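Tertiary structure, described
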Amino acid sequence: MNQQGSRIRQRHLIIGNSAAALNAVKAIRENNSTDHITLVSAESHYAYSPVLLPYYVSKKIKRSALFLADESFYQQNGVELILGNPATRVDPQNRQVTLASNDILEYDNLLIATGSSPKALGIPGEDLAGVFTLKTVDDADNLVKAAAGMEDIVIIGGGLIGLQAANALYTAGRNIRIVIGSRQPLSRNVDPSCAENVCQGIRECGMSILFETHAVSIKKVKNKLSVELSSNNTLEADAVIIGKGVSPNVQLVAESEIEVNQGIIVDQTMRTNVPNVFAAGDVAEGLNLITGERPV
């Protein structure tokens, strides 16, 4: 409070532009119309739903249907929006965040909602042209542009991301092979009986599945990609889609005192161990009240 008893204007800094970030903006504005809100995003797009990306790739929805907000949302809620300029470092001691541009932003309250990124395979060739992921709008745009030339496709990973990519790219006549490291698809989500039903549906579409197999390298051979497997077999492809899960984007707090396990550890009110610093969304790791575990 100042000498007249009026409330001091707070500076809320949100890193990320996800559903969690948008809901934070709404919640702040429901309680206060004058506090300053700054939202920083590594991407150059307005907020969108990653869950809808496969439907855009398969042309079931238009690109415009991906987005959760447009320019008017940020304007109406008085948000200072910084796009395409990732946060690189959090300094809780001084309540500052450094951006890739070397600009420094100060805050009173900080929400980290940086989401997650596709897990790298850690194998030679995964950065070659023709190797894709499906996590961002840019990923989806790249797949849409390249899809017309795809006949032989190898998908590495049998989790939700891998199967969603297979479903998005499936058309009659395409040769799609799914490489799975475990004994079943969706090994972290469903039991073997349910997984067998999934496999039956995949095979009925004409796709094939290779179980308990890993990609060990990807090479460019003439105009094709060659995927070498741990079984010593090789698959030729026009495109390779990597869908081996995601990792929380915690790099910006690595040198800080903010507690991290797999994700940023939070309590039941999404607070971290540092005062005035919160985390939400895919980057947060909190207590599951049913299991007692702390999943991301």
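What counts as what
- Residues numbered from 1 in each chain as written.
- Predicted model: local features only at pLDDT ≥ 70, side-chain atom pairs only at ≥ 80, totals over all residues.
- Heavy atoms only, no water.
- Helix = DSSP H or I, 4+ residues; strand = E, 2+ residues; numbered from the N terminus.
- Buried < 20%, exposed > 50% of the residue type's maximum accessible area, 1.4 Å probe, protein only.
- Areas by Shrake-Rupley, 256 points an atom, 1.4 Å probe, with all protein chains shown as cover.
- 1 Å grid on protein atoms, 1.4 Å probe; cavity = no way out; pocket = protein on both sides within 12 Å on 5 of 7 lines; lining within 4 Å.
- Points joined across faces, edges and corners; volume = space filled by probe spheres on them.
- Nonpolar A, V, L, I, M, F, W, Y, C, P; charged D, E, K, R; others polar.
- Contact = heavy atoms within 4.5 Å.
- Lys, Arg positive; Asp, Glu negative; His and termini not counted.
- Salt bridge = Lys/Arg side-chain N within 4 Å of Asp/Glu carboxyl O.
- Polar contact = N/O pair within 3.5 Å; in protein donor to acceptor, adjacent residues only side chain to side chain.
- Pairing = 2+ DSSP bridges.
- Axes fitted to C-alpha atoms, helices over the stretch in contact; angles between N-to-C directions.

Here's the deal with the overall build of the protein
Across its full length, the protein holds six helices and 20 strands. Based on the C-alpha atoms only, the size of the protein along its principal axes is roughly 75 × 40 × 35 Å. Counting the 296 residues in the protein, one finds 44% classified as buried. Here the protein displays about 15700 Å² of accessible surface, and carbon together with sulfur accounts for 48% of that area.

Focus: the layout of surface pockets
In this structure, the second largest pocket encloses a volume near 290 Å³. If you go around the second largest pocket, you meet 17 residues; those closest to its centre are His12, Ala24, Ile28, Leu111 and Phe278. When residues of the lining of the second largest pocket are assigned to their parent elements, the largest contribution, five residues, is made by helix H1 (residues 19–31). Looking at side-chain class alone, the lining of the second largest pocket contains 11 nonpolar, five polar and one charged residues.

Looking at helix H4 (residues 137–146)
Since the α-helix advances by 3.6 residues per turn, residues separated by three or four positions end up pointing in the same direction. When H4 is considered as a whole, its buried residues turn out to be Val137, Asp139, Ala140, Asp141 and Leu143. Buried residues along H4 sit in contact with helix H2 (53–57), strand E9 (131–132), helix H5 (160–169) and strand E16 (239–242).

Section: the side chain of Asp91
Mapped onto the elements, Asp91 comes out in strand E4 (residues 87–91). In this structure, Asp91 is buried with no salt-bridge partner, the nearest side chain bearing the opposite charge being Arg89 at 4.2 Å. Polar side-chain contacts of Asp91 include one of 2.7 Å to the side chain of Asn94. In this view, Asp91 contacts Gln96 and Tyr107; residues no more than four positions away in its chain are not counted.

Quick word on the sheet that holds E4
Reading across the sheet, the three strands line up as E4-E5-E6 and stay open at both edges, with antiparallel pairing between neighbours. Looking at strand neighbours, the two that pair on one side only are E4 and strand E6 (104–106), the edges of this open sheet. For this sheet, the mean inter-axis angle between neighbouring strands, taken without regard to orientation, is 25°. Direction of pairing for strand E5 (residues 96–99) relative to E6: antiparallel, over a ladder of three bridges. Note on E6: the bridge partner recorded for Thr98 is Ile104.

Quick notes on the sheet that holds strand E14 (residues 224–229)
Taken together, the three strands give an open sheet; going across it, the order is E13-E14-E15, and neighbouring strands pair in antiparallel fashion. Looking at strand neighbours, the two that pair on one side only are strand E13 (215–221) and strand E15 (234–237), the edges of this open sheet. Averaged over all neighbouring strand pairs, the angle between strand axes comes to 25°, with direction disregarded. With six bridges connecting them, E13 and E14 associate as antiparallel partners. In the strand pairing of E14, Ile218 is matched with Val227.

Let's talk about the side chain of Asn249
Structurally, Asn249 can be placed in the loop between strand E17 (246–248) and strand E18 (264–265). Of the residues examined, Asn249 reaches a relative accessible area of 14% and is grouped as buried. Within the local environment of Asn249, its side chain forms a polar contact with the backbone oxygen of Ser116, the two atoms lying 3.5 Å apart. Every residue in contact with Asn249, bar those within four places of it in the chain, is listed here: Thr114, Gly115, Ser116, Ser117 and Val283.

Concerning the pairing of strand E7 (residues 109–112)
Side chains Asn109 and Leu111 project from E7 onto one buried face, and the interleaved Leu110 and Ile112 project onto a second face that is buried too. One ladder, built from four bridges, connects strand E1 (residues 11–15) with E7; its direction is parallel. Among the inter-strand pairings, Ile15 is bridged to a residue of E7, identified as Ile112. In terms of strand pairing, E7 meets strand E19 (residues 277–279) through three bridges, oriented parallel. Looking at E19, one finds that Ile112 is bridged to Ala279.

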